[in-house]
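One-letter residues, chain by chain:
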Amino acid sequence: MSAGTEGDTLCFFINGKKVTENHADPETMLLSFLREKLRLTGTKYGCGGGGCGACTVMVSRYQPATKTIIHYAVNACLLPICQLHGAAVTTVEGIGSTKTRIHPVQERIAKAHGSQCGFCTPGMVMSMYALLRNKPQPSMEDITQALAGNLCRCTGYRPIVDGCRTFCQEANCCQTNGGGDCCLDVKDETDEQDDEKPQLFNKDEFLPLDPTQELIFPPELILMAESSNLKTLTFYGERTSWVSPTSLDELVQLRSSNPKAPLVMGNTNIGPDMKFKGVLHPLIISPTRVLELFDVTQTAQGVWVGAGCSLSEVQSLLEKLAPQFPEEKTELFRALIRQLRNLGSQQIRNVASLGGNIMSAYPNSDLNPVLAAGNCKVSVVSNGGRREVHLNQDFFVSFGKTVLKPEEIIVSVFIPFTREGEFVSALRQAPRKEGAFATVTTGMRVFFSERSRVVQEVSIYYGGMGPTTVSAAKTCAAIVSKPWDDETLGRAYDVLLDELVLPPSAPGGKVEFRRSLTLSLLFKFNLEVLQKLREMNVIKDELPERIRPLPRDIQPSLQEYQHVSKDQSAQDPVGRPIMHRSAISQATGEAVYCDDIPRTDGELFMAVVTSSRAHAKITSLDVSEALRLPGVVDVITAKDIPGKKVRTVFGYDEELLAESQVSCVGQMICAVVADTKAHAKRGAAAVKISYEDLPDPVFTAEDTIEKSSFFEPRRVIWRGNVTEAFKTVDQLHEGEIRMGGQEHFYMETQSMLVVPVGEETEFKAYVSTQWPTLTQDAIADTLNIPSNRVTCHVKRMGGAFGGKVTKTSILASITAVAALKTSRAVRFVLERGDDMLITGARHPVLGRYKVGFMMDGSIVAADIQYYTNAGNSIDESTLVVEKILLHMDNAYNIPNLHGRASACRTNLPSNTAFRGFGVPQSIMIVENMINDVAVLLGRPADQIREINMYKGPSVTHYKMEFSPENMLRCWDDCKVKSDFSARRKAVDQFNQQNRWKKRGIAIIPIKYGIAFAESFLNQAGALVHVYKDGSVLVTHGGTEMGQGIHTKMQQVASRELHIPTSKIYISETSTNTVPNTCPSAASFGTDANGMAVKNACMILYQRLEPIRQKNPKGSWESWINAAYFEKISLSATGFYRGPDLYMDWDKMEGQPYAYFTYATCCCEVELDCLTGDYRTVRTDIVVDIGRSVNPSVDIGQIEGAFMQGLGLYTLEELKFSPSGLLYTRGPSQYKIPAVCDVPLRFNVYLLPDSSNPHAIYSSKGIGEPIVFLGSTVFFAIKDAVAAARSDSGLVGPFSLDSPATPERACLACASPFTKKIPVSKPGSFKPWALNI
Ligand SMILES: Cc1cc2nc3c(=O)[nH]c(=O)nc-3n(C[C@H](O)[C@H](O)[C@H](O)COP(=O)(O)OP(=O)(O)OC[C@H]3O[C@@H](n4cnc5c(N)ncnc54)[C@H](O)[C@@H]3O)c2cc1C
Ligand code: FES
Ligand code: FES
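Residues numbered from 1 in each chain as written. Chains lettered and ligands numbered in written order. Predicted model: local features only at pLDDT ≥ 70, side-chain atom pairs only at ≥ 80, totals over all residues. Heavy atoms only, no water.

**Some remarks on the overall build of the protein**
Across its full length, the protein carries 39 helices and 50 strands. Relative to its length of 1332 residues, the protein is compact, with a C-alpha radius of gyration of 31 Å against a globular reference of 34 Å. Viewed in the frame of its principal axes, the protein has a C-alpha envelope of about 90 × 80 × 70 Å. Here the analysis covers contacts within the protein between residues at least 6 apart in sequence; of these, 78% occur between residues at least 24 apart. Carbon and sulfur atoms make up 51% of the accessible area of the protein, which amounts to about 46500 Å² in all. Here the protein contributes 138 positive and 145 negative side-chain charges, whose respective centroids are spaced 1 Å apart. (Helix = DSSP H or I, 4+ residues; strand = E, 2+ residues; numbered from the N terminus. Rg over C-alpha atoms; globule rule 2.2 N^0.38 Å. Contact = heavy atoms within 4.5 Å. Areas by Shrake-Rupley, 256 points an atom, 1.4 Å probe, with all protein chains shown as cover. Lys, Arg positive; Asp, Glu negative; His and termini not counted. Charge placed at Lys NZ, Arg CZ, Asp CG, Glu CD.)

In structure tokens, the structure reads:
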């Protein structure tokens, strides 16, 4: 069977329209079908592996048995089109559009400011839409569950949640009133003059949700489903065939004759294997139409659940059944429900099947340990007959393997009732609370002899502790027949420790943590069991504390900003919370991103081949096999580059394609161009490269210190004399902290399209970049043509965060070479894994410090050394290093300060700019040092901070004068707004009352320099055209990446031209309208471009003055018309020559910033010391941004940056193998904050009555500063850990590296369980991952 063989016709509906495919390829997923075939580009690609939710669509099916239609959200990237026969798909385009009527979900997310770059928005909209189709008045819990699988890198989720909250019945309530902390209970604190407080959006203007307006389910599909003559369907693709039988007998026959063919149900295991591991299945069997696999039968002993049921169906079934029986009978049901709620995302659970989960036999499957502990069994069938097999330790054989024979099929799974005296629990710990595979997961069951504490049966299974689900059989043997008490459990922990051993280099790492979790999860089970025994009056023991889950209800938050003055004209939009100008288009999926640009005739796709070695000579490059593959057109190597083979930025070169030698894994060597993306990818996989390894690759800061491997120049700065000052202080302390890097994880991966115009070597480049001019210059240099032959266009980016400043120009240059060589348009859109591998990240930093201080808390001297891991090329690392040193004083006036910073040259991918540009690393080290001082003095850290802050007219360590007045106002306001003193006491009280839960609170200030220290970058241009009809087209040098620059520029133009924003349009940024632009970076975009737009508009407005005077009552249109006939130019350029900033590193002085943005943040967390899991219960941020041009946009930047910082300091971990390969190449391995990480109360206050003479309309730059304030969560965790350590008798400074992941927090708590784990001697083994 192969392509070309006649198959069946696939029939399904998309947005109410019938789709018939005569040649459906089983390897085609719905996402590429929608985007490439149907040109429905609203559904986005973010990861391709089910981990980000950008591709969410809704699938509806008719169920003949119940005559109902079911609707569920799915990830289109993992859904084979062949699975859709008879289904109706709804995409974001199908629910509303600006051409017809937008849907209330689209409207509310947009108007609540929940869309910044907009790349995640269609997915968010569809997750929420699917929820509303099933439940028009959802609870907050429903909403957070529905959005749990959708990542957003821009907004910080709060506005999305607030927009969706308006659908709740009790629209403004967290719905826990009477059941714990309710938002209504805290109202008196915030409700004074509520009506007068400006609101970011007005929910009264929202369209009502009217379910009758939704698309109807196609009647043709109902007839199809009801028809009794279902027939086997077969589809043949290029490499794979698909068979979908309709009866169990047929399925059994197919399986017995093709035992290697997988049964594809949800495709959530097989799909990622095919996509990421290149597994090829010539035949796929799809049993989704075999009804027996979906049967549910209840018996006196329990319930048989069809193996084909999705995990969501299993969850609903158990949730329906559980309340129908006495609690004691449904212990197992409830344990499974608990586990299912945290397994994957709703999109995954809606398709992943029960049988698929069991048979995938993942090492960290969440269900298998519970099913096994709960005595479940499966009924299997093959042509040898039926049998029942118990899910026990013999069932799970090894990674991905079970005891079943290849031809056997699980028909159903038996989930028994529990008995009186039988308790079951499911516990898990994951890197992120939701949407993450567990680090360790367990199912535990104990059955007591009648009304006693003597154990009759016990069963304990773990996931995450070996290649598959493992039984702790010896531990169980140590417990059975014994009384459930401290003595038995004490012995059990020791046996467990011996029984579940992991080698120090075990795959997945976290060896100590995983081992300690096995103990602490058993301890948690112990506490649960004791509680139940006590409730049943079996025991009367005084219980240790009751373990409650961490709080989780997101409550309404405050966003406070200042009203515009009463005198301001109603038409003038400056200072008002205007919605992002593209939010509606983004929410309807109409907004066009680079890869949404329609294909041009003959267009080719590009895929790159990267180095698999960290440091090696390339000895041969064989592309012959790739060139023979179908669709492959050419292979591009360095030899094809006609011009410069390097891209130069700030005087530093970076090789485009490696020719003779590679210096990191992931370095690009060549590129394959082909007719389709799939063919290009296959071509790239077929290129063969041989290497000769070079000695001693360098990876860590310690390696570089040992080998003196640094980029020059290294930077030094000092004031005072630390050496002398150290001799005078009361106390000296030395410390060290390591900070990991951070992946940008912009939702839109690097994307570009280069089109040869066809004459005079002219090229149009459509690129997702923050710096179009650099891209233009790099392409021109590479192709050896003048810059005037290259136009770079940027409509918008789906997020950038610094990652699309310099690296994109390299990728675009290679794409341009391919376009030149083939004379065809070439599109290059990086897959998520390649993007993460190739394009670098935030610099990891090792900070070492020595501090001298007095007993009164004043810090007299500090010497800090920063080692930043730059990777294999310098890129912007020198500038990062400089910014690190310039911010090392933060808010503190330390009279003797000495800083040294180096960019370490390593054999890792080259790191680059990332929001904050070194500041988040710089200040982190300083604040950690201050924390140590506080601990050593036994005083609260906020006091030490306060004592050392700049006060009165001040001078920085680089001799720049400034007034810290607003910095201190932010600090004081934040203390008041957050009720810091009272909460500090409450936290201490909580900690006295709880042993295993601790709270922590921290308050941290920031002073952040705005503008580029490189003076020439502080310039901007604009071009404003007024057309004859009065409509205005504004173009400027800034690029839109979600930060709302175009919205703000529209506001500026509106004020200056005195016309409403509706008359003003911004189409794109392009190098042929505004030349020689600077990057949109350094939080300086609005400052610079705003002034340029203002300048152009003022020129135009002045030109109209004579016309206005002649006709003062005329309309704008009449003036423009008159001006045209009077031959007045209606086009003007604007220019802004920014401040002449400088930094003289020889003299160690300068004026590198135009001004400072100030802020203070207070955070409180609750930490589960047994697992390291934490929740931010409240965050208050006070920010001085002068007079905000657009408070909704600015608050969006603050919230988004804070959440990015929260990710940086507590969650996101880049992991590299000992040979330098990045392991974390997608959202499954790399966790950015999700909706579950939003602080439960998240208040933002813009400092009132602040002004700034240095920027447009007295505003301040805000894009970057707040990232650092995410560290407040880190320090609150550290505070909680300190409380836990003190219970263990440990006092004094302790080391906690960043990010403070659950692993690090838990181990730092030094509980009796973590202390039991033997630590392997460093150097005695090869760790699974490097400590970068
Ligand atoms: C982003 C993401 C997050 C996830 N998070 C979690 C998590 O937190 N916890 C967790 O436990 N899991 C998680 N998973 C795994 C997921 O639960 C499993 O992949 C899923 O349950 C497999 O079911 P499926 O129907 O999709 O299997 P498929 O991919 O369709 O098939 C998987 C395998 O099972 C076999 N199979 C399927 N049905 C049968 C049957 N009836 N009889 C015999 N063999 C059968 C197939 O032959 C195939 O080999 C996650 C997956 C993804 C993609
Ligand atoms: S693209 Fe489908 S989940 Fe990320
Ligand atoms: S708005 Fe969500 S990723 Fe940009």
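**Some words on helix α12 (residues 331-342)**
Compared with an ideal rise of 1.5 Å per residue, which puts twelve residues at 16 Å, α12 spans 17 Å between its outermost C-alpha atoms and is within 8% of the ideal. When you tally the buried positions in α12, you get nine out of twelve residues, the bulk of the element. (Expected span 1.5 Å × (residues − 1). Buried < 20%, exposed > 50% of the residue type's maximum accessible area, 1.4 Å probe, protein only.)

**Thoughts on the pattern of salt bridges**
All told, the structure shown has 83 salt bridges when counted by the stated rule. When the shortest N-O distance is used, the salt bridge between Lys977 and Glu560 registers 3.3 Å. Here Glu560 lies in strand β20 (residues 559-560) and Lys977 lies in helix α30 (residues 965-977), a separation of 417 residues in the sequence. Judged by relative accessible area, Lys977 falls into the partly exposed class, the value being 29%. Here Lys975 ties to Glu946 by a salt bridge, and the two come within 2.9 Å at their closest N and O atoms. Here Glu946 lies in helix α29 (residues 941-948) and Lys975 lies in helix α30, a separation of 29 residues in the sequence. Since its relative accessible area comes to 31%, Glu946 is described here as partly exposed. Among the ionic contacts, a cluster of salt bridges with common partners joins Arg35, Lys44, Asp595, Asp596, Arg599, Glu603 and Arg827. (Salt bridge = Lys/Arg side-chain N within 4 Å of Asp/Glu carboxyl O.)

**Observations concerning the side chain of Arg158**
Within the secondary structure, Arg158 sits in helix α6 (residues 158-165). For Arg158, a relative accessible area of 5% corresponds to the buried category.

**A closer look at the site of ligand 1**
Around ligand 1 there are 32 residues in total, and Met265, Gly266, Thr268, Ser353 and Asp366 lie nearest to it. Tyr362 is positioned such that a nitrogen or oxygen atom in its side chain is 3.1 Å from an oxygen atom of ligand 1. When the free accessible area of ligand 1 is taken as 990 Å², the share hidden by the protein chains comes to 94%. Broken down by secondary-structure element, the contributors of at least two residues to the shell around ligand 1 are α14 (354-360) and β15 (409-416). The element best represented in the shell around ligand 1 is α14, accounting for five residues. Classifying every residue of the shell around ligand 1 gives 16 nonpolar, 13 polar and three charged. (Near = heavy atom within 4 Å. Polar contact = N/O pair within 3.5 Å; in protein donor to acceptor, adjacent residues only side chain to side chain. Nonpolar A, V, L, I, M, F, W, Y, C, P; charged D, E, K, R; others polar.)

**A short note on the packing of aromatic side chains**
The geometry of an aromatic ring pair is captured by two quantities: the separation of the ring centres and the angle between the planes. Across all of its chains, the model carries 29 aromatic pairs by this definition. Ring pairs connect the aromatic residues Tyr950, Tyr958, Phe962, Tyr1153, Phe1156 and Tyr1158, which therefore count as one cluster. Over the face of the ring belonging to Phe745 we find Arg832, whose NZ or CZ atom lies 4.1 Å from the ring centre. The ring of Phe990 has Arg999 sitting right over it, with the charged end atom 5.1 Å from the ring centre. (Phe/Tyr/Trp six-rings, centres within 6.5 Å; stacked < 30°, edge-to-face > 60°. Lys NZ or Arg CZ within 6 Å of the ring centre and 35° of its normal.)

**Some details on unusual backbone geometry**
Note the cis peptide between Glu712 and Pro713, where omega equals 0 degrees. Relative to the helices and strands, Pro713 is located in strand β29 (residues 710-719). Residue Pro1299 is bonded to the preceding Ser1298 through a cis peptide linkage, with omega at 5 degrees. You can see Pro1299 is positioned in the loop between α37 (1271-1287) and α38 (1302-1309). Positive phi, normally seen in glycine, also occurs at Phe650, with a value near 50 degrees. Among the residues examined, Phe650 registers a relative accessible area of 26% and is labelled partly exposed. One non-glycine residue, Ala1011, lies in the positive phi region at around 100 degrees. Its place among the elements puts Ala1011 in the loop between β40 (997-1010) and β41 (1019-1026). Since its relative accessible area comes to 2%, Ala1011 is described here as buried.

**Quick notes on the sheet that holds strand β1 (residues 10-14)**
If you trace the five strands from one edge of the open sheet to the other, you get β2-β1-β5-β3-β4, paired in mixed fashion. Both edges of this open sheet fall to β2 (17-21) and β4 (68-75), since each of them pairs with a single strand only. The sheet shows a mean angle of 30 degrees between the axes of neighbouring strands, taken without regard to direction. In this structure, β1 lies alongside β2, joined through five bridges in antiparallel fashion. In the sheet register, Cys11 faces β2, and the bridge partner there is Thr20. (Pairing = 2+ DSSP bridges. Axes fitted to C-alpha atoms, helices over the stretch in contact; angles between N-to-C directions.)

**Things to note about α37**
Helix length check: α37, at 17 residues, gives a terminal C-alpha distance of 25 Å against a target of 24 Å (1.5 Å per residue), a fit within 8%. Counting buried positions over the 17 residues of α37 gives 13, a clear majority of the element. Looking one or two places after α37, you find Gly1289, whose phi comes out positive at around 80 degrees.

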